[in-house]
Amino acid sequence: MAPLTTNGRGTEQRFDVNLSILFTELPLLERPAAAAAAGFGAVELWWPWIDTPTPPQSELDALKKALGDAGTQLVGLNFYAGQLPGPDRGALSVPGEEAERFRANVEVAAAFAASVDCPALNALYGNRVEGVDPHLQDTLALDNLVLAARAASEAGSILLIEALNRPESPLYPLVSAESAIEVVDRVNEATGLDNAAFLLDLYHLSMNGEDLNEVIDRYADKTGHVQIADNPGRGAPGTGALPLDDLIGRLRKAGYAGWIGLEYKPGDRPSAEAFGWLAN
């Protein structure tokens, strides 16, 4: 297991780096080593192949090798989510070709997760589609999330359900902690596996104006992964107004002992220079 990161107050925190938003100035296969050089033993990724849910096995093998050579543990991976970054916010509830692409990706992503002992797979819900009945989309979503949960379980992983924020993702239906938790509960009820969990992203929830202390207190026990960025700006902690140190402390007191993903923009500097806040 990757080592803990220790801040200047001697408090151990399990931070990992999202390599789809940090170190993107480097080619994908160079990012794990860059994260390791910056002091991180754990990383996470959005689905790296935005144009295909089924990349050649050679590309999957190359990523596995890059992670291993760097000594980095992959602790989170998105299923195929369409053009992300870009206009898409997932594929699993989008009827037609996109839902088919998600289903084609499920076994590929789960097999890769199993091959690198990745403990969590994130399934972004997908945008509402104009002219399509939301009930139809939600039914399709549940069917696909059940497939994903079963595949994740076989891979030894949990399935994450994430709430995004309405200002940046106005067509995404899960824009509150409560809405994401409802989906988590429906998936667990449908599968009986109890391996679906909430991805609690403090940046997104703050953008929605939620009471973050209340969210933590209510849902820490259903949280499988946490991501952070400051608000406004989605920058590193300390660049905005969120009391992230206090919020992380509250999560720990509430019993959350998992990884905290650094999913923020580095700003006008190399990513390697975006971690000075950890020494404060």
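The structure reproduced in this document is the subject of the present report. (Residues numbered from 1 in each chain as written. Predicted model: local features only at pLDDT ≥ 70, side-chain atom pairs only at ≥ 80, totals over all residues. Heavy atoms only, no water.)

## Regarding helix α2 (residues 57–70)
- Over its 14 residues, α2 extends 20 Å from the first C-alpha to the last, a length consistent with the 20 Å expected when each residue adds 1.5 Å.
- Every buried residue of α2 is accounted for by Leu60, Leu63, Ala66, Leu67 and Ala70. Considered in projection along α2, the buried side chains sweep an arc of 120 degrees and stay on one side of the axis. Residues of α2 that are exposed and point more than 90 degrees away from the buried face comprise Gln57, Ser58, Lys65, Gly68 and Asp69.
- Structurally, α2 contributes buried residues whose contacts are with α1 (31–37), β4 (42–45), β5 (73–78) and α3 (97–115).
- Looking one or two residues beyond α2, the residue adopting positive phi is Gly71, at roughly 75 degrees. (Helix = DSSP H or I, 4+ residues; strand = E, 2+ residues; numbered from the N terminus. Expected span 1.5 Å × (residues − 1). Buried < 20%, exposed > 50% of the residue type's maximum accessible area, 1.4 Å probe, protein only. Arc of directions from axis to C-beta. Contact = heavy atoms within 4.5 Å.)

## Comments concerning the pairing of β4
- On β4, burial covers both faces: Ala42 and Glu44 on one face and Val43 and Leu45 on the other are all buried.
- Bridge analysis of strand β3 (residues 15–18) against β4 gives two bridges, and the strand direction is parallel. Across the sheet, Val17 pairs through a bridge with Val43, a residue of β4.
- Taking the sense of rotation as the criterion, the β-α-β connection linking β3, α1 and β4 turns out right-handed.
- Examined bridge by bridge, β4 and β5 share four bridges and lie parallel to one another. Note that in β5 the partner of Val43 across the bridge is Leu74.
- On the question of chirality, the crossover connecting β4 to the parallel β5 by way of α2 is right-handed. (Pairing = 2+ DSSP bridges. Right-handed = clockwise from strand over helix to strand, strands pointing away.)

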